[in-house]
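Take a look at the letters that make up each chain.
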Amino acid sequence: MTKRKIIIDTDTAGDDAAAIMLAVKTEDVEILGITIVNGNVPLNSAAANALMTLELCGAKIPVYNGSARPLVREPLSAVSVYGSDGMGEKDLIHPAGRPEDKHAVDFIIEMAKKYPGELEIVELGPATNIALAIMRDREAMRGIKGIFSMGTGGFSLGNATPVAEFNVYTDAEAYSIMLKSGIPLTIAGFDLCVGAAAFDEEEMARIEADSPLGAFLISSTSKLLEFNINRNGVKVIDLPDAIAMGIALWKDIILESVPCYCHCCTVEEETYGQVVVYETDKYYEGISVVNKTNAHVVKRIETEVFKQRFMQLLK
Ligand code: RIB
Ligand code: CA
């Protein structure tokens, strides 16, 4: 059976690391490489986190540094959520390896040309590298089979601002370019990873006890847990990137995925990074029917099945 060929583009913090673990542990997937983008933490830190995660998984997969900053705006970070190193500030990150010399955007274009109609990209951070590749070689990128994006608030609100999710808010211009590219796009919004989809104390204890990888993951998300306790009053860890990877790996967990026309706001400060999700062919009282589609936005997944598979794979 031919393995699926994927690139994981990531701003590696704890939830990205969880997603990487899932992909590494999935037999029918060949990870061609991991490309790094500025987001949760600066580029070098995200690269070190990805390298460390791969080494703990015993996986020999090349890592390529990409853009250290968004297309237009100043770099942001999520160190207030994940810790200064993005991995819980537990002194976990001492990778032996280092990134390749080749730039991530060159690697993405090279793989798109090498595997036309086959390459899939799982986007776990801001879309800066993807946008740069599209601008550099639109033709090659049109050959991509599909992009799975952890991004937007989905059918709910934002987490970085009232209306914008962090990955999009970090580089809305890049997200807009990706939305307009014509590349088949499946969006896993932030709304999918909260509530019952977040891991509670009992589940965290099981993950930690089940394996060294699980213990690493729980340590790396300790600042995220603190953030959720202090800011939201709940003892849970939400792992949006793991959910997005689960959707990319296991389409059967998708209960509802809606064809939509998504518009990314890049002009006004108040709505910067907001992705307006028009459901294709839906009757809206205030506007004419939108009959075009540029993304499928996942509305519901089998959360319990996802959690079972997630915990089983990490054992
Ligand atoms: O908003 C959540 C997203 O932003 C996740 O990808 C998380 O890792 C951060 O990049
Ligand atoms: Ca991420």
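Our subject is the structure listed above.
Residues numbered from 1 in each chain as written. Chains lettered and ligands numbered in written order. Predicted model: local features only at pLDDT ≥ 70, side-chain atom pairs only at ≥ 80, totals over all residues. Heavy atoms only, no water.

Colleague: Quick question: what am I supposed to make of the site of ligand 1 here?
Modeller: For ligand 1, the set of nearby residues contains 14 residues, the closest of which are Asp15, Asn159, Glu165, Asn167 and Asp241. Backbone polar atom of Leu124 to an oxygen atom of ligand 1: 2.9 Å apart, as the coordinates give it. Interatomic distance of 2.8 Å between a side-chain N/O atom of Asn159 and an oxygen atom of ligand 1. Computed on the free molecule, ligand 1 has an accessible area of 270 Å², of which 98% lies beneath the protein chains in the complex. Of all the secondary structure elements, the ones that give two or more residues to the shell around ligand 1 are α1 (14-24), α7 (166-170) and α12 (240-249). (Near = heavy atom within 4 Å. Polar contact = N/O pair within 3.5 Å; in protein donor to acceptor, adjacent residues only side chain to side chain. Areas by Shrake-Rupley, 256 points an atom, 1.4 Å probe, with all protein chains shown as cover. Helix = DSSP H or I, 4+ residues; strand = E, 2+ residues; numbered from the N terminus.)

Colleague: Would you mind showing me how to read the sheet that holds strand β5 (residues 146-150) here?
Modeller: Adjacent strands of a sheet form backbone hydrogen bonds with each other and so pair up, either parallel or antiparallel. Read across the sheet, nine strands follow the order β3-β2-β1-β4-β5-β6-β9-β7-β8 without closing on themselves; strand pairing throughout is mixed. Strands with a single pairing partner mark the edges of an open sheet, and in this sheet they are β3 (63-65) and β8 (275-279). When the angles between neighbouring strand axes are averaged without regard to direction, this sheet yields 30 degrees. As defined by bridge partners, strand β6 (residues 185-188) adjoins strand β9 (residues 295-301) across two bridges and the pair is classed as parallel. Pairing of Ile187 across the sheet is with Val297, part of β9. Seen against the sheet, α12 touches β1 (4-10), β2 (29-36), β4 (119-123), β5, β6, β7 (254-264) and β9 and runs at an angle of roughly 155 degrees to β5. (Pairing = 2+ DSSP bridges. Axes fitted to C-alpha atoms, helices over the stretch in contact; angles between N-to-C directions. Contact = heavy atoms within 4.5 Å.)

Colleague: Help me understand the coordination of the calcium ion (ligand 2), please; the structure alone is not making it clear to me.
Modeller: Between any two of four tetrahedral donors, the ideal angle at the metal is 109.5 degrees; between two of six octahedral donors, it is 90 or 180 degrees. Here the calcium ion (ligand 2) is held by the protein donor atoms Asp11 (OD), Asp16 (OD), Asp16 (OD), Leu124 (O) and Asp241 (OD), which lie 2.3 to 2.7 Å from it. All donors of the calcium ion (ligand 2) come from a single chain, and their spacing in sequence reads D-x4-D-x107-L-x116-D. Here the residue Asp11 occupies a position in the loop between β1 and α1, and Leu124 occupies one in the loop between β4 and α5 (128-136), the gap between them amounting to 113 residues. The class of Asp11 is buried, set by a relative accessible area of 0%. The exposure class assigned to Leu124 is buried, which follows from its relative accessible area of 1%. (Donors = N, O, S within 2.8 Å, 3.2 Å for Na, K, Ca; no water. Buried < 20%, exposed > 50% of the residue type's maximum accessible area, 1.4 Å probe, protein only.)

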